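These are the residues of each chain, in order.
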Amino acid sequence: MDRYSKIDPDSIGFDIDCVVADTMEAFIRLALDDYGIAIQPEDITIYEVEKCLAVDPRIIGEIFSRLLDAPVENGLQPMADAVEVLTALSGLAPLTFITARPVREPIDRWLAQVLPGPVYNSSRLVAMGNHDGKAAYIRKLGLHYFIDDRLATCVELAGAGFSPIVFEQPWNRGQHAFASVDSWRGIKKRIICHEFDS
Ligand SMILES: [Mg+2]
């Protein structure tokens, strides 16, 4: 049994965008509906999307600003099964979310909307305002495992002695040797299966 097969629910934290929230779906939807630009998920091969999409960087910036400032109003959805699994986990330990987002309030309001009240009330949210530096928060919050879709973050965490888990997305698939999951079913099964043997 490796260290990823039996994780204490107290010891794991979650990135939000493209892990808990389906930010890619929202990005693609807004691009098509409001700018007439068709993007396929497989087109997004680099985390910094402006490096891989033939789309005006100003439009990309505008769409991301909308999702940062008003995720609820722009219809950001949770990833499939995320709410169900987070709700189950919340019964075992407080949930911890650490996001690079610079502003806490809009994503806090989004979490309050998508999570059941008691689950939201017992969760912790850190908005760092920076893509780098998650290791310091993970240490401060007493975590060891962290699920993220950004490989540079996973590299940072591994370097700091933590155990990152990549949430597979088109921009990280096949580009790393970290432990990974490709769905919330996978998180439930692989990471907390011993708590959910039903
Ligand atoms: Mg992310």
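Residues numbered from 1 in each chain as written. Predicted model: local features only at pLDDT ≥ 70, side-chain atom pairs only at ≥ 80, totals over all residues. Heavy atoms only, no water.

### Details of the overall build of the protein
Each helix and strand counted, the protein has 8 helices and 6 strands in total. Reading the protein from its N end, one meets helices and strands in the order β-α-α-α-β-α-α-β-α-β-α-β-β-α. Against the compact-globule benchmark of 16 Å for 198 residues, the protein has a radius of gyration of 16 Å, which places it among compact chains. Principal-axis analysis of the C-alpha atoms gives the protein an extent of 45 × 35 × 35 Å. (Helix = DSSP H or I, 4+ residues; strand = E, 2+ residues; numbered from the N terminus. Rg over C-alpha atoms; globule rule 2.2 N^0.38 Å.)

### With respect to the coordination of the magnesium ion
Any two of four tetrahedral donors ideally make an angle of 109.5 degrees at the metal, while pairs among six octahedral donors ideally make 90 or 180 degrees. For the magnesium ion, every protein donor is listed as Asp15 (OD), Asp17 (O) and Asp149 (OD), and the spread of their distances is 2.0 to 2.2 Å. All donors of the magnesium ion belong to a single chain; written as a sequence motif, their spacing is D-x1-D-x131-D. A residue pair is termed long-range when its members are at least 10 positions apart, and Asp17 in the loop between β1 (12-14) and α1 (23-35) and Asp149 in the loop between β4 (145-148) and α7 (151-159) qualify at 132 residues. (Donors = N, O, S within 2.8 Å, 3.2 Å for Na, K, Ca; no water.)

### Re the domain arrangement of the protein
Where interface size is given, it is often the accessible area lost as the parts come together that is meant. Partitioning the protein into domains gives domain 1 (9-21 + 78-195) and domain 2 (23-69). Between domain 1 and domain 2, the C-alpha centre-to-centre distance is 22 Å. Summing both sides of the interface, domain 1 and domain 2 together bury roughly 1000 Å²; the carbon and sulfur share of this comes to 59%. Per-residue buried area on domain 1 facing domain 2 is highest for Arg101, Pro170 and Trp171; these three make up 47% of the total on that side. Connecting domain 1 to domain 2 are 0 salt bridges. One can count 6 residue pairs in polar contact (both at pLDDT 80 or more) joining domain 1 with domain 2. When the residues that make up the side of domain 1 that touches domain 2 are grouped by side-chain class, the tally is 6 nonpolar, 3 polar and 4 charged. (Domains from an automatic or database assignment. Buried area = accessible area lost by both parts, 1.4 Å probe. Salt bridge = Lys/Arg side-chain N within 4 Å of Asp/Glu carboxyl O. Polar contact = N/O pair within 3.5 Å; in protein donor to acceptor, adjacent residues only side chain to side chain. Nonpolar A, V, L, I, M, F, W, Y, C, P; charged D, E, K, R; others polar.)

### Some details on the pattern of salt bridges
Throughout the structure, instances matching the rule amount to 14 salt bridges. For Arg58, the salt bridge goes to Asp56, with nearest N and O atoms at 2.9 Å. Relative accessible area serves as the criterion here: at 66%, Arg58 is assigned to the exposed category. A salt bridge links Asp148 to Lys134; the nearest nitrogen and oxygen atoms lie 2.8 Å apart. (Buried < 20%, exposed > 50% of the residue type's maximum accessible area, 1.4 Å probe, protein only.)

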